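Chains, contacts and geometry: an overview
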Amino acid sequence: MRKLLLLSALFVAPLLGMSSADAGPLSVQVVAGGITQTFGPTSTGILNFLAAPIDGFAIVSGTATSAPLGNNPTLIDLSSLQVAAAAGGTVRISITETGLTSLGDGFFSAIGGTLGVASTLTFQTFIDSTNTAFGTQQLLGTNTFSNTIPFSNSFTSNGLPGTGLFSETEVFTIVAGANSTTSFDGRLNQNIPEPASMALLGVGLAAIGVTRRRSRKAA
């Protein structure tokens, strides 16, 4: 019984102690017309960026966040992004974080926003076990939205980053119509066991031990 209680405590305690301090550098990249602008890296957990006009596109507003601001150590979030297009064309915006440690199995991706006139948006999420910034080693999932105002979707993926450090990347590709504005939020994080669930699991293990002990005494 004591051994079982000890094992359950050892299993639960590290999960209860998870913190957002495990995060690595956060960066954003904007690519249009063969021109690349990179913002970051930063380890502060927040990156506000405004891109100068690139090939007819302008980032009116954008905020990238990650741990240590997020509750989930693997969270990366691109919020309040507003992209204005003076002329039609394609722009790709990526957010990445490196130096992450796997805390579970599976990932959650979500996006929502408003498309500009005659525009489409493709949302992709990736993990990379080589821990490369903007790495696209393993595709977690993809969604494309067209002529949908507003739009939203979420999906889960069973990606396995391995035992070492890894990176996460979100990629947003907008094919914009002339004089259009597209606004959206997008996030990616690894699914991790909730501390409360782990505590319940520990209690359950202890209860099994008590039941077995009573069964032996009754016999």
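Residues numbered from 1 in each chain as written. Predicted model: local features only at pLDDT ≥ 70, side-chain atom pairs only at ≥ 80, totals over all residues. Heavy atoms only, no water.

Quick notes on the overall build of the protein chain
Rule in force here: Here a strand is any run of E in DSSP of at least two residues, a helix any run of H or I of at least four, and the numbering for each starts at the N terminus. Categorising residues by exposure relies on relative accessible area from a 1.4 Å probe, with only protein chains included: less than 20% of the type maximum marks a residue as buried, more than 50% marks it as exposed, and the intermediate range marks it as partly exposed. What sets the accessible areas is the Shrake-Rupley method with a 1.4 Å probe; for residues, cover comes only from the shown protein chains.
A tally of helices and strands in the protein chain yields 2 helices and 12 strands. Reading the secondary structure of the protein chain in the N-to-C direction produces α-β-β-β-β-β-β-β-β-β-β-β-β-α. Classification of the 219 residues of the protein chain by burial places 45% in the buried group. Split by element, the accessible area of the protein chain, about 10,600 Å² in all, is 57% carbon and sulfur.

Thoughts on the confidence of the model for the protein chain
Operational definition: As a per-residue measure, pLDDT reflects the predictor's confidence and takes values from 0 up to 100. Whether two residues are in contact is decided by their heavy atoms: any pair within 4.5 Å suffices.
When pLDDT is averaged along the protein chain, the result is 81; 77% of the residues meet or exceed 70. At the level of individual helices and strands, the protein chain shows its lowest average pLDDT in helix H1 (residues 2–16), which scores 41, and its highest in strand S8 (residues 120–128), which scores 97. Low pLDDT (under 50) marks residues 2–21, which in the prediction has 22 contacts with non-local residues, meaning those over four places away or in another chain. For the stretch residues 196–212, pLDDT sits under 50, and the model shows 16 contacts to residues farther than four places along the chain or on other chains.

Details of the side chain of Thr-125
So the rule is basically this: Here a polar contact means two N or O atoms within 3.5 Å. Within protein one must be a hydrogen donor candidate and the other an acceptor candidate, and residues neighboring in sequence count only if both atoms are side-chain atoms.
Here Thr-125 shows up in strand S8. Here Ser-109 takes part through its side chain, which lies 3.1 Å from a polar atom of the side chain of Thr-125. For Thr-125, the contacting residues outside a window of four places in its chain are Ser-109, Gln-138, Leu-139, Leu-140, Gly-141, Phe-155, Thr-169, Glu-170 and Leu-188.

Details of the nonpolar core
Quick note on the threshold: As used in this record, nonpolar core signifies buried Ala, Val, Leu, Ile, Met, Phe, Trp, Tyr and Cys residues forming a set joined through side-chain atoms within 4.5 Å.
Core analysis: the biggest nonpolar cluster contains 37 residues, and Leu-78, Ile-93, Leu-121 and Phe-184 have the highest contact counts within it. Sorting elements by how many residues they give to this core places strand S5 (residues 76–85) first, with 5 residues.

Thoughts on the pairing of strand S7 (residues 107–114)
The cut-off we apply is this: Pairs of strands are assigned from DSSP output, requiring at least two bridges between the strands.
Examined bridge by bridge, S7 and strand S10 (residues 151–157) share 7 bridges and lie antiparallel to one another. Following the sheet pairing, Phe-108 is matched in S10 by Thr-156.

Some remarks on the environment of Ser-79
Checked against the element boundaries, Ser-79 lands in strand S5. In sequence terms Ser-79 and Arg-187 are 108 residues apart; their C-alpha atoms lie 8.2 Å from each other. Each residue touching Ser-79, except ones within four places of it in the same chain, is listed here: Gly-62, Thr-63, Phe-184 and Asp-185.

Details of the sheet that holds strand S4 (residues 57–66)
Rule in force here: Axes, fitted as lines to C-alpha atoms, cover a helix only where it is in contact. Angles between the N-to-C directions of the axes lie from 0 to 180 degrees.
Strand order in the open sheet formed by 6 strands is S3-S4-S5-S12-S7-S10, with antiparallel pairing between adjacent strands. In this open sheet, the two strands that pair with only one neighbour each are strand S3 (46–48) and S10. The mean inter-strand angle of the sheet, taken between neighbouring strand axes irrespective of direction, is 10 degrees. Direction of pairing for S4 relative to S5: antiparallel, over a ladder of 8 bridges. Looking across to S5, one finds that Ala-58 is bridged to Ala-84.

Points about the sheet that holds strand S6 (residues 89–100)
Across the sheet, 6 strands lie side by side as S2-S1-S6-S11-S8-S9; this open sheet has antiparallel pairing. The open sheet terminates on both sides in strands that have one partner only, identified here as strand S2 (35–42) and strand S9 (138–146). Looking at each pair of strands side by side, their axes are set apart by 10 degrees on average, direction ignored. Sheet topology places S8 next to S9; 8 bridges connect them, and they run antiparallel. Each residue of the ladder has a partner; that of Gln-124, found in S9, is Thr-142.

Side note on unusual backbone geometry
Cis geometry is found at the peptide bond from Gly-40 to Pro-41, where omega equals 5 degrees. Within the secondary structure, Pro-41 is located in strand S2. A positive phi angle is found at Asn-131, which is not glycine, with a value near 60 degrees. Residue position: Asn-131 is located in the loop between S8 and S9. One non-glycine residue, Phe-134, lies in the positive phi region at around 60 degrees. Secondary-structure assignment places Phe-134 in the loop between S8 and S9.

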